[in-house]
Structures are given as C-alpha cells and as structure tokens.
Amino acid sequence: MSENRIAPRKRVLKAGTIEFGGGGIDCTVRNLSDTGASVSIESLVGIPDEFNLVVASDRVSRMCRVVWRKENRIGISFS
C-alpha cells in the first residue's frame with residue numbers, strides 16, 4: 001500500500017465529537033497528524049463533507065473536510 005499522506009499519522013484512540021448544524025455525533029479518533037485524521041463512527045449517514053472535530057481531552061477543535069468514506073470510518077483533512 002502506498003503512503004499518500006503529506007504528514008505521517010500517529011495511532012491514537014481518543015474520544016471525539018463531530019460538530020455541525022448545532023449538534024454533535026460521537027466518534028473515535030484512530031490516527032492523527034498535523035494535516036488530518038481518521039475517525040470511526042457508528043454510521044456515515046448524515047455526516048456532511050465539512051464539520052468541526054472536537055477532541056476534548058486535548059482541548060482541540062479543528063475545521064475538517066472529508067477526504068474519503070469507508071464503512072464506519074472517514075478520513076479527514078484539517079482546513
């Protein structure tokens with residue numbers, strides 16, 4: 001498998017929230033870099049192409065854009 005990422009990602013397991021439209025959906029951040037992340041969610045239904053990712057344990061809130069979707073995971077790049 002070729003590596004197409006700009007920055008290497010570090011494996012993590014952190015609780016997160018996908019925020020959009022005044023609400024939020026719980027997710028799990030699986031890997032993380034300076035430029036993006038991969039997150040797991042129960043269902044991809046209703047997840048917009050752009051949203052805010054909040055990782056409360058790190059006090060991080062970043063605007064994101066979905067790069068790929070697969071089963072119950074999405075790859076995101078930070079805006």
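Residues numbered from 1 in each chain as written. Predicted model: local features only at pLDDT ≥ 70, side-chain atom pairs only at ≥ 80, totals over all residues. Heavy atoms only, no water.

### Observations concerning the pattern of salt bridges
Consideration 1: Counting across every chain of the model gives two salt bridges.
Consideration 2: The residue lysine 14 makes a salt bridge to aspartate 58 at a minimum N-O spacing of 2.7 Å. Of this pair, lysine 14 sits in strand 1 (residues 10–20) while aspartate 58 sits in the loop between strand 4 (50–55) and strand 5 (60–70), and the two are 44 residues apart along the sequence.
Consideration 3: Since its relative accessible area comes to 24%, lysine 14 is described here as partly exposed.
Consideration 4: Overall, the relative accessible area of 33% leaves aspartate 58 in the partly exposed class. (Salt bridge = Lys/Arg side-chain N within 4 Å of Asp/Glu carboxyl O. Helix = DSSP H or I, 4+ residues; strand = E, 2+ residues; numbered from the N terminus. Buried < 20%, exposed > 50% of the residue type's maximum accessible area, 1.4 Å probe, protein only.)

### What to know about the sheet that holds strand 2 (residues 23–32)
Consideration 1: Pairing within the closed barrel is antiparallel, and its six strands lie in the order 1-2-3-6-5-4. Strand-to-strand, the axes of this sheet are offset by a mean angle of 45°, without reference to chain direction.
Consideration 2: The pairing of strand 1 with strand 2 spans nine bridges and is antiparallel. Bridging across to strand 2, isoleucine 18 finds its partner in isoleucine 25. (Pairing = 2+ DSSP bridges. Axes fitted to C-alpha atoms, helices over the stretch in contact; angles between N-to-C directions.)

### Some thoughts on the side chain of serine 38
Consideration 1: Mapping serine 38 onto the fold places it in strand 3 (residues 36–40).
Consideration 2: One polar contact links serine 38 to arginine 73, side chain to side chain, over a distance of 3.0 Å.
Consideration 3: When residues no more than four places from it in sequence are discounted, the contact partners of serine 38 are Arg9, Thr28, Val29, Arg30, Asn31, Trp68, Arg73, Ile74 and Gly75. (Polar contact = N/O pair within 3.5 Å; in protein donor to acceptor, adjacent residues only side chain to side chain. Contact = heavy atoms within 4.5 Å.)

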